[in-house]
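Per-entry structural report
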Amino acid sequence: MKIGELARETGVSVRLLRYYEEQGLLTSHRAPGGHRHYTADASTTVTQIRTLLAAGLPTKVIRDLMPCLIGDGPEVAPCVLDHLRTQLDALDSRITHLHQARSALSTLLTTSTRAAQPLPTRSS
């Protein structure tokens, strides 16, 4: 199928499909006219890529995981589960740091808002 057909079938823009190719996530074959052609399973590959991206995995990691994907879904071979756990731990750590930053920012806003309010004046 051509790139436009794959884009329509998957709901992913042509530009993004080209990016996936640049990142080594998706492969195509060039027709004599230079047009990209994809195999019938390309839409499954794009769905898997989108699922892994939604899980917060960077394209570099996804490229490494692509050979370990099982079937049509996002299931992976047991040999990469430790790698996914490491990614999950890193994500949990980032979430913890973001919560701490949010709390600090909230405290700063509360303190600054109170300090910015004018003091009540006494009337005679």
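The sections below set out a description of the structure shown in this document. What you see is a predicted model, and the numbers here were worked out from it, not measured in a lab.

Looking at the overall build of the chain
On a plain count of helices and strands, the chain comes out with five helices and two strands. Sequence-ordered secondary structure for the chain, helices as α and strands as β, is α-α-β-β-α-α-α. By the compact-globule yardstick of 14 Å for 124 residues, the chain is too spread out, its C-alpha radius of gyration being 24 Å. Referenced to the eigenvectors of the C-alpha coordinate spread, the extents of the chain come out at roughly 90 × 35 × 20 Å. The buried share of the chain, taken over its 124 residues, is 24%.

With respect to the environment of Met66
If you trace the backbone, Met66 turns up in the loop between helix 4 (59-65) and helix 5 (81-116). Classification of Met66 as buried rests on a relative accessible area of 18%. Here the alpha-carbon distance between Met66 and Thr45, two residues 21 residues apart in the chain, equals 8.5 Å. Excluding residues that lie within four positions of it along the chain, Met66 makes contacts with Leu25, Thr45, Gln48 and Ile49.

Things to note about the layout of surface pockets
Of the volumes computed, that of the largest pocket is approximately 200 Å³. As for the largest pocket, its lining consists of Leu52, Ala55, Gly56, Leu57, Leu81, Leu84, Arg85, Gln87, Leu88, Leu91 and Arg94. With seven residues, helix 5 is the single largest residue contributor to the lining of the largest pocket. Among the residues forming the lining of the largest pocket, the class breakdown is seven nonpolar, two polar and two charged.

Notes on the nonpolar core
Counting 23 residues, the largest nonpolar core has Leu6, Leu17, Tyr20, Leu26 and Val46 as the members making the most contacts within it. Elements supplying a minimum of two residues to this core: helix 1 (3-10), helix 2 (14-22), helix 3 (42-54) and helix 4. No other element matches the four residues that helix 3 contributes to this core. Those residues within four positions of Val46 in sequence are excluded, and the remaining contacts are Leu6, Thr10, Val12, Leu17, Tyr20 and Leu26.

Description of the packing of helix 1 against helix 3
Between helix 1 and helix 3, whose axes approach to 10 Å, the crossing angle comes to 50°. By the criterion of interaxial angle, the relationship of helix 1 to helix 3 is oblique. In the crossing of helix 1 with helix 3, the sense of the turn from one axis to the other is right-handed. Contact residues: Leu6, Glu9 and Thr10 in helix 1; Ala42, Ser43 and Val46 in helix 3. When its residues are assigned to classes, the contact of helix 1 with helix 3 shows three nonpolar, two polar and one charged.

Concerning the packing of aromatic side chains
Under the counting rule described, the total for this entry stands at one aromatic pair. Residues Tyr19 and Tyr20 carry aromatic rings whose centres are separated by 6.4 Å and whose planes lie at 55° to one another, so their mutual orientation is tilted. Judged by relative accessible area, Tyr19 falls into the partly exposed class, the value being 33%.

Conventions we followed
Residues numbered from 1 in each chain as written. Predicted model: local features only at pLDDT ≥ 70, side-chain atom pairs only at ≥ 80, totals over all residues. Heavy atoms only, no water. Helix = DSSP H or I, 4+ residues; strand = E, 2+ residues; numbered from the N terminus. Rg over C-alpha atoms; globule rule 2.2 N^0.38 Å. Buried < 20%, exposed > 50% of the residue type's maximum accessible area, 1.4 Å probe, protein only. Contact = heavy atoms within 4.5 Å. 1 Å grid on protein atoms, 1.4 Å probe; cavity = no way out; pocket = protein on both sides within 12 Å on 5 of 7 lines; lining within 4 Å. Points joined across faces, edges and corners; volume = space filled by probe spheres on them. Nonpolar A, V, L, I, M, F, W, Y, C, P; charged D, E, K, R; others polar. Core = buried A, V, L, I, M, F, W, Y, C linked by side-chain atoms within 4.5 Å. Axes fitted to C-alpha atoms, helices over the stretch in contact; angles between N-to-C directions. Parallel < 35°, antiparallel > 145°, perpendicular 65-115°, else oblique. Left-handed = near helix turned anticlockwise from the far one by under 90°. Phe/Tyr/Trp six-rings, centres within 6.5 Å; stacked < 30°, edge-to-face > 60°.

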